[in-house]
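Single-letter residue listing:
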Amino acid sequence: MKQTTYFIAILLLCVCNNVHANGYTIARIFWQDDQEAKLFYGDLKKSADGWTLTKNSIAGFPSLEADRQQLVQMAEHDGVLIVGVHDDEGGTYESGWVAIESGVVEEPHGNHSHWQYESKPTVLHHLLDAEQGNPAHVYLYGSTFVLANDKANGFTLATPKSIRDAKHPSQATRFVSGGSGHITLAVVENHVAYATWIDREGDDCGRVDVIALPEGNQQSYSFQCPSGSLHGATVNSGKVFLAPSDGVCWTPVDLEADDHPDSVSVHQLSLGKSSDGKELRTGAFANLDRFVFCKAGRGKETQLCWIDASEAEPTVNCLAIDVDEGEQISGPEVFQNRQGQPFAILFGETNGDDTSDRMIVVRLDPNGDGPLDDASVAKSISIGANNVIGHSGHHACTPVSGGRYVLVSNPGDGTITLLECKDWSVLQTFTVDGAPSRLGAVGG
């Protein structure tokens, strides 16, 4: 018995030493390449010799024309990724979506999980044609993927299960009418969706369609915000937040989508004013716990703003961001590190001949008491270059290993940078070539 136990111990030690020497996988990383209009992946590995991230193609990923089509936003849940495809002819050339099986399997173990990287990623389904409405925004609400079909005046719903179970791509999704133009969406899964209209003026200026998801496929009713050009929507703590041309609007969620339009109470919050007296606006939201985050202003007037959505009467709080000459700020990305500390990441991007940009780390709750009234910039870190052209070519980041590390893409020099989230030191910069932009991580 003792000899058997000794043999097993030696065998386990040999296996562990071999894994340590060859490297063990921290997470599977996916990144979009704006230059090739492709999605690539690599397993982030750590070994005795350091870190590796090797670029690989995804089997079955459709061939796109980079000068006519581009990948837009993507989302991941339960090991499935879905990425939108946009074309240059308003959806009449070839637009739609691609769904990928990550090949990563989660094994829950009480308060933690083990991750198995069982197979290579493959394409589950893709649907690219002239009928998909040129998706731009891709969201994840609960376990549901939501794609805004701008030119079809509606949106597409799918889940990992519906995608995996579908025998044909058309069976994987459900189309719902609502919204118009460059649609943004706030969704309470399986209950209600809020879909915006982009109109700046006219009868549909500031219009938001409210759709009961279980019953129908068109809006139940509509209401209007005080100003138009709506671009940005989210839901948090039973409230819908919207981004019109002036500040932020919010209204309580109508779960049954059966309120009378005249009864909808729309509250407006100011994000401050510019030096010329105009109301500041935002264009996108990010959520972390009960807080809604956004960026407002440009240049020297840039601010990181947040709203505690759990408050009965929410207010806006802002932190001024120091901006260098010729620099524009993108973001924020928000997440907690492994110690449970919340952070916001912004990127300072220049459009000149500089070969590098910077990553701005905001520590949101330094004293750990819950409110974010002590938020402050913790660090400014030099990273690679951007390749901003229109809406593409920005830096992006994704946390891995429960927020122990963060990866940052550098589209301008074909690299991805790995940082440690405790002291924000740079651990490794990987050369992947092309123009890596949006990132996602599965496992770890």
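Refer to the structure above for everything that follows.
Position numbers for residues start from 1 in each chain and track the written sequence from start to end. Per-residue local features of the predicted model are confined to residues with pLDDT of at least 70, and side-chain atom pairs are confined, for both listing and counting, to 80 or more; whole-chain, interface and lining totals are unaffected and use all residues. The side-chain quantities take in all heavy atoms of the structure and omit both hydrogens and water.

(A) The environment of Ala233, seen in detail. Note on conventions: DSSP H or I runs of at least 4 residues are helices, E runs of at least 2 residues are strands, and numbering of each starts at the N terminus. If you trace the backbone, Ala233 turns up in strand E19 (residues 233-236). With a relative accessible area of 7%, Ala233 lands in the buried category. For Ala233, the residues in contact, after removing those within four places along its chain, are Tyr139, Tyr141, Thr184, Leu185, Ala186, Thr196, Phe241, Leu242 and Phe285. When accessible area is computed with a 1.4 Å probe and restricted to protein chains, residues below 20% of their type maximum are described as buried, those above 50% as exposed, and intermediate ones as partly exposed. Contact definition: two residues touch when any of their heavy atoms are within 4.5 Å.

(B) A look at the sheet that holds strand E16 (residues 192-196). Pairing within the open sheet is antiparallel, and its four strands lie in the order E15-E16-E17-E18. Every interior strand has two partners, whereas the edge strands, strand E15 (185-188) and strand E18 (221-224), have only one. Strand-to-strand twist in this sheet, taken as the mean axis angle between neighbours without regard to direction, amounts to 20°. Two strands pair when backbone bridges link them, and strand E17 (residues 207-212) and E18 are joined in this way by four bridges, in the antiparallel orientation. Residue pairing across strands places Val208 opposite Phe223, the latter belonging to E18. Strand pairing requires that DSSP identify at least two bridges connecting the strands. Structural elements are reduced to axes, namely lines fitted to C-alpha atoms, with helices fitted over the stretch in contact, and the angle between N-to-C directions of any two is expressed from 0 to 180 degrees.

(C) Fine view of the nonpolar core. By nonpolar core we mean a set of buried residues, namely Ala, Val, Leu, Ile, Met, Phe, Trp, Tyr and Cys, connected to one another through side-chain atoms within 4.5 Å. Of all hydrophobic cores here, the largest spans 33 residues; its most connected members are Val146, Phe155, Leu185, Tyr194, Phe223 and Leu242. Setting aside residues up to four positions removed in sequence, Leu185 forms contacts with Tyr139, Tyr141, Val146, Leu147, Ala148, Phe155, Tyr194, Ala195 and Ala233.

(D) Structural detail: the pattern of salt bridges. Here, a salt bridge means any Lys or Arg side-chain nitrogen found within 4 Å of an Asp or Glu carboxyl oxygen. Taken as a whole, this structure holds 13 salt bridges when the rule is applied. Asp78 serves as the salt-bridge partner of Arg164, at 3.0 Å between the closest nitrogen and oxygen. Placement of Arg164 in helix H2 (residues 160-165) and of Asp78 in the loop between strand E5 (69-77) and strand E6 (80-87) is noted, with a sequence separation of 86 residues between them. Linking Asp204 and Arg207 is a salt bridge whose minimum nitrogen-to-oxygen distance equals 3.1 Å. For Arg207, a relative accessible area of 16% corresponds to the buried category. It is possible to trace a salt-bridge network through shared partners that takes in Arg68, Asp88 and Glu89.

(E) Layout of the sheet that holds strand E29 (residues 357-363). Strands sit in the order E27-E28-E29-E30 across an open sheet of four strands; the sheet is antiparallel. Each end of this open sheet is capped by a strand with a single partner; those strands are strand E27 (327-336) and strand E30 (376-383). Along the sheet, successive strands turn relative to each other by an average axial angle of 20°, direction set aside. Sheet topology places E29 next to E30; seven bridges connect them, and they run antiparallel.

(F) Geometry of unusual backbone geometry. Residue Pro332 is reached from Gly331 by a cis peptide bond, and omega for that bond is 10°. Among the structural elements, Pro332 can be located in strand E27. Even without glycine at this site, Asn153 takes up a positive phi of about 55°. Mapped onto the secondary structure, Asn153 falls in the loop between strand E12 (144-149) and strand E13 (154-158). According to the relative accessible area criterion, Asn153 is partly exposed, its value standing at 36%.

(G) Structural context of the environment of Ala99. As for its position among the elements, Ala99 is in strand E7 (residues 95-101). Residues Ala99 and Val72, spaced 27 residues apart in sequence, show a C-alpha to C-alpha distance of 13 Å. Setting aside residues no more than four positions away along its own chain, Ala99 makes contact with Leu81, Ile82, Thr122, Val123, Leu124, His125 and Ile163.

(H) How the structure looks around the packing of aromatic side chains. Within 6.5 Å between ring centres, the rings of Phe, Tyr and Trp (the latter by its six-membered ring) count as paired, and their orientation is classed by plane angle as stacked under 30 degrees, edge-to-face over 60, tilted in between. Throughout the structure, instances matching the rule amount to seven aromatic pairs. With 5.1 Å between their ring centres and 70° between their planes, Phe343 and Trp424 make a pair best called edge-to-face. Remark: Trp424 occurs in the loop between strand E33 (415-420) and strand E34 (426-431) and Phe343 occurs in strand E28 (residues 342-350); sequence separation between them is 81 residues. What makes Phe343 buried here is its relative accessible area of 3%. Two conditions define a charge located above a ring, namely a distance within 6 Å from the ring centre to NZ of Lys or CZ of Arg, and an angle within 35 degrees of the ring normal. Note that Arg68 overlies the ring of Tyr93, its terminal NZ or CZ placed 3.8 Å from the centroid. The ring of Trp250 carries Lys239 above its face, with NZ or CZ at 5.6 Å from the centroid.

(I) Broad picture of the side chain of Ser227. In this fold, Ser227 is placed in the loop between E18 and E19. Relative accessible area serves as the criterion here: at 8%, Ser227 is assigned to the buried category. At a separation of 3.4 Å, a polar atom in the side chain of Ser227 contacts the side chain of Ser245. Discounting chain neighbours no more than four positions away, the residues touching Ser227 are Cys205, Gly206, Pro244, Ser245, Asp246 and Gln268. Pairs of N or O atoms within 3.5 Å make up the polar contacts considered here, provided that, within protein, one atom can donate a hydrogen while the other can accept it, and that residues adjacent in sequence are counted only when both atoms are side-chain atoms.

(J) Just the environment of Lys38, in detail. With respect to the helices and strands, the residue Lys38 is situated in strand E2 (residues 38-47). Residue classification places Lys38 among the partly exposed residues on the basis of a relative accessible area of 36%. Once the C-alpha coordinates of Lys38 and Arg28 are considered, the two residues, ten residues apart in sequence, prove to be 17 Å apart. Apart from residues lying up to four places away in sequence, Lys38 is in contact with Trp31, Gln32, Asp33, Phe61 and Leu71.

(K) Summary view of the layout of surface pockets. Taken as a whole, the second largest pocket encloses approximately 200 Å³ of empty space. Buried and open spaces are told apart on a 1 Å grid over the protein atoms alone, a cavity being a set of points where a 1.4 Å probe fits but cannot get out and a pocket being an open set with protein on both sides within 12 Å along at least five of seven lines. Residues with an atom within 4 Å of a point are the lining residues. Gln336, Gly340, Pro342, Asp365 and Leu372 are the residues nearest the centre of the second largest pocket, which is lined by 17 residues in total. Classifying every residue of the lining of the second largest pocket gives seven nonpolar, six polar and four charged. Grid points are joined across faces, edges and corners, and a volume is the space filled by probe spheres set on the points. The nonpolar class holds Ala, Val, Leu, Ile, Met, Phe, Trp, Tyr, Cys and Pro. Asp, Glu, Lys and Arg form the charged class, and all remaining residues, Gly among them, are polar.

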